[in-house]
Amino acid sequence: MLTPVALHPQFEEGTTLDRFLLETLRDHPEATGQFVTLINQVTLAAKLVSARVNRAGLAGMFGATGTMNIQGEYVQKMDVYANETFKRALEHAGVVCMIVSEEEEEIIGIPAPFTPGNYVFAMDPLDGSSNIDTNASIGTIFAVFRRKSASGQGEPGDVLRSGREMVAAGYVVYGAGTVLVLSTGQGVHGFTLDPSVGEFFLSHHDIRLSPETRSYSCNEAYSGSWDTRLQGWLSATKDPAAGWSARYIGSLVGDFHRNLVKGGVFLYPPSRKSPSGKLRLLYEAFPLAFLVEQAGGSATDGRVNILDRTLGSLHERTPLYIGNRDAVEEITRLLTT
Ligand code: AHM
Ligand code: MG
């Protein structure tokens, strides 16, 4: 894992993501070169998707394509655009040996004549995309691993591994503004896109979760079929003396970003509708768990820490409890005793 390099105070304002990476990774030759190029290609794709999301109501990009993806969900036009844009940005750069996408059943190899690189990139290209017609926040979530295989195309073993092996994770939230949140294991930092100059600037340095939360995010309509111990926890939040409030968009990246900035806990438990949970381990739970731990929070599946899980199959689902440590630990304790 990379070790932190202190930021010079002059970088607190007007620091581009590019400069931030160069300054924080310059003493780590193992992390420069391909890794910086990878992040640069992610930001390029993010700018393209952000521009298209902003114009979606004008560009005929609202709504579904009419087909279903391998998860049995309706594919939105913007899902297709985001998936293709991130793939195109990464496959030719010589930095990844494989891509895994929520939108595609199989591992995506690197097509000739491009050269496979050192990293594995897993993504949900447009999380929460069913919200696009309502202008709610949506986003791209990604996890990065260093490959295990020696060279050539990646192999399943490069991605079927423990969450602890991630080297970086992040997301881009396309909301009132476009914000890229990134961690390389040296804290969590947010960069806001200034669309007038096309650059991401450091706007949220070293995000830390508040020590205590009184805000929860979940689809409460499903709670009638949750574990009764969790129903008890939810009932207790209704005590006016406890001072809780509820905030739920129905877009994981939007709900997570709000909770990261303001404090909160997000829950997606198993229910009759989704007996194994709905969210995907590799490109939703893993990267957000990496980020939340870097910000001082925690993530579990109700039993074990998300990052201690090992991926068994590409699109494996998991229950998810993520956010402020006190709330996640309390819920996990309730569900394991
Ligand atoms: P998606 O990846 O296909 O967009 O689905 C995942 C989304 C999450 O963003 C969100 O947390 C969840 O589905 C909402 O589910 P529900 O509508 O059941 O509350
Ligand atoms: Mg998603």
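Residues numbered from 1 in each chain as written. Chains lettered and ligands numbered in written order. Predicted model: local features only at pLDDT ≥ 70, side-chain atom pairs only at ≥ 80, totals over all residues. Heavy atoms only, no water.

K.L.:
So what about the sheet that holds strand β3 (residues 96–101)? Which residues, and what values?
P.N.:
Pairing is mixed across the open sheet formed by 7 strands, whose spatial order is β3-β4-β5-β6-β7-β8-β9. With one partner strand each, in any of the chains shown, β3 and β9 (199–204) form the two edges of the open sheet. This sheet shows a mean twist of 20° between the axes of neighbouring strands, independent of strand direction. Relative to strand β6 (residues 166–174), helix α6 (residues 281–294) is tilted by about 100°, and along the sheet it contacts β3, β4 (119–127), β5 (138–146), β6 and β7 (178–183). (Pairing = 2+ DSSP bridges. Helix = DSSP H or I, 4+ residues; strand = E, 2+ residues; numbered from the N terminus. Axes fitted to C-alpha atoms, helices over the stretch in contact; angles between N-to-C directions. Contact = heavy atoms within 4.5 Å.)

K.L.:
Summarise the pattern of salt bridges; cite the residues concerned and give the values.
P.N.:
Throughout the structure, instances matching the rule amount to 16 salt bridges. The salt bridge partner of K87 is E104, with a shortest N-O separation of 2.7 Å. Here E104 lies in the loop between β3 and β4 and K87 lies in helix α3 (residues 77–91), a separation of 17 residues in the sequence. The residue E165 makes a salt bridge to R161 at a minimum N-O spacing of 3.1 Å. E165 sits in the partly exposed class, given a relative accessible area of 30%. For R161, a relative accessible area of 6% puts it in the buried group. (Salt bridge = Lys/Arg side-chain N within 4 Å of Asp/Glu carboxyl O. Buried < 20%, exposed > 50% of the residue type's maximum accessible area, 1.4 Å probe, protein only.)

K.L.:
Let's hear about the nonpolar core: which residues, and what values?
P.N.:
Core analysis: the biggest nonpolar cluster contains 43 residues, and Y171, L260, L282 and L320 have the highest contact counts within it. Here this core takes 10 residues from α6, the largest share from any one element. Every residue in contact with L260, bar those within four places of it in the chain, is listed here: Y171, V181, V188, I207, L209 and A295. The next biggest cluster of nonpolar side chains, apart from the first, holds 41 residues, and it includes F20, L90, A168 and V172. (Core = buried A, V, L, I, M, F, W, Y, C linked by side-chain atoms within 4.5 Å.)

K.L.:
Outline the packing of aromatic side chains, listing residues and values.
P.N.:
Under the counting rule described, the total for this entry stands at 9 aromatic pairs. Aromatic side chains F20 and F191 sit 5.2 Å apart centroid to centroid with 70° between the ring planes, which places their arrangement in the edge-to-face category. Taken together, the positions of F20 in helix α1 (residues 17–25) and F191 in strand β8 (residues 189–194) put the pair 171 residues apart, joining distant regions of the chain. You can call F20 buried: its relative accessible area is 6%. Classification of F191 by relative accessible area gives buried; the value is 0%. For the ring pair Y171 and F256, a centre distance of 5.8 Å and an interplane angle of 90° mean the geometry is edge-to-face. With Y171 in strand β6 and F256 in helix α5 (residues 252–262), this residue pair connects regions lying 85 residues apart in the sequence. Comparing Y171 with F256 shows no difference in burial state: the two are buried. Three or more aromatic residues joined by ring pairs form one cluster here, namely Y216, W233 and W244. (Phe/Tyr/Trp six-rings, centres within 6.5 Å; stacked < 30°, edge-to-face > 60°.)

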